[in-house]
Amino acid sequence: GNSVTQMEGPVTLSEEAFLTINCTYTATGYPSLFWYVQYPGEGLQLLLKATKADDKGSNKGFEATYRKETTSFHLEKGSVQVSDSAVYFCALIRNDYKLSFGAGTTVTVRA
Amino acid sequence: AAGVIQSPRHLIKEKRETATLKCYPIPRHDTVYWYQQGPGQDPQFLISFYEKMQSDKGSIPDRFSAQQFSDYHSELNMSSLELGDSALYFCASSSKTRTGELFFGEGSRLTVL
């Protein structure tokens, strides 16, 4: 069935460093892809999404491009801040219309 | 803008007790989802409701039940609690099924002692 696999963490970076979190998917067809973020002590928030191949989702300086040739949806940010410290989840919508989450990647940004 | 409201935010129970979590979706959202997130785990889908009817069932234990009421709020009832039920329980709502764009509440943290 449809699923996502994302890079294991934790990831520790310095402020202004470049962040990449890899996410690959296995799916029949072309499901919508998502990145959700969970800040410490808070619920999940949709960060960005892409609904078809070659779409680029972007928000808060983060970007991810839906690449069907590599079945990937890697999350990137050019210059991270301490406030970006969170757990990031890649997700897709399955054939049964439920969200399937990756395992989550914990990102810690140090000042 | 109104968000998904969950209550209580924190709950401590003893083994074999019962707990009830409540969820108030965003107004005019027609679908409610319940997810369970264990420590260090990704959220696992439990159950969903569309227009007050159960629409899907995931890895929800038989000890758990849920329903959606006429005002669209939903309740997750958990009985015979076990230590392993300690988790963060998220409710989410969406206005269009099948898009995956869910709006999550802040979660209810259940601790079973």
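Up top is the structure.
Residues numbered from 1 in each chain as written. Chains lettered and ligands numbered in written order. Predicted model: local features only at pLDDT ≥ 70, side-chain atom pairs only at ≥ 80, totals over all residues. Heavy atoms only, no water.

### A short note on the sheet that holds strand β1 (residues 5-7) of chain B
Residues and elements named next belong to chain B.
- Here we have four strands laid out as an open sheet, ordered β1-β3-β8-β7, and antiparallel in their pairing. Where the open sheet ends on each side, the last strands, each with one partner, are β1 and β7 (64-68). Ignoring which end each strand starts from, the neighbouring axes of this sheet average 15° apart.
- As paired elements, strand β3 (residues 19-24) and strand β8 (residues 74-78) share five bridges and run antiparallel to each other. (Pairing = 2+ DSSP bridges. Helix = DSSP H or I, 4+ residues; strand = E, 2+ residues; numbered from the N terminus. Axes fitted to C-alpha atoms, helices over the stretch in contact; angles between N-to-C directions.)

### Observations regarding the environment of Y72(B)
Residues and elements named next belong to chain B.
- Relative to the helices and strands, Y72 is located in the loop between β7 and β8.
- In this structure, Y72 is in contact with P25, H29, D30, V32, E51 and K52, ignoring residues within four places of it in sequence.
- At 2.7 Å, the side chain of Y72 and the side chain of E51 are in polar contact. (Contact = heavy atoms within 4.5 Å. Polar contact = N/O pair within 3.5 Å; in protein donor to acceptor, adjacent residues only side chain to side chain.)

### Points about the sheet that holds strand β9 (residues 75-77) of chain A
Residue and element names in this part refer to chain A.
- What the four strands build is an open sheet, ordered β3-β9-β8-β7; its pairing is antiparallel. The sheet is open, and its two borders are formed by β3 (19-21) and β7 (56-59), each paired with just one other strand. With strand direction ignored, the average angle separating the axes of adjacent strands in the sheet is 15°.

### Quick notes on the nonpolar core
- Ranked by size, the top nonpolar core spans 26 residues in total, and within it W35(A), L75(A) and Y88(A) carry the most contacts.
- Contributing elements (two or more residues each) for this core: β2 (11-14), β3, β4 (23-26), β5 (33-38), β6 (44-50), β8 (62-65), β10 (86-93) and β12 (105-110) of chain A.
- By residue number, the principal contributor to this core is β10(A), which donates four residues.
- Grouped together as the second largest cluster of nonpolar side chains are 22 residues, L11(B), L46(B), L81(B) and V112(B) included. (Core = buried A, V, L, I, M, F, W, Y, C linked by side-chain atoms within 4.5 Å. Buried < 20%, exposed > 50% of the residue type's maximum accessible area, 1.4 Å probe, protein only.)

### Structural notes on the interface of chain B and chain A
- Chain B puts 18 residues into the contact, and the matching count from chain A is 19 residues.
- For the pairing of chain B and chain A, the buried interface totals around 1,500 Å² over both sides, and the portion due to carbon and sulfur atoms is 57%.
- Linking chain B with chain A are zero salt bridges, by the criterion used here.
- Linking chain B to chain A there are two residue pairs in polar contact (both at pLDDT 80 or more).
- Of the residues contributing to the side of chain B that touches chain A, the split by class is seven nonpolar, five polar and six charged. (Buried area = accessible area lost by both parts, 1.4 Å probe. Salt bridge = Lys/Arg side-chain N within 4 Å of Asp/Glu carboxyl O. Nonpolar A, V, L, I, M, F, W, Y, C, P; charged D, E, K, R; others polar.)

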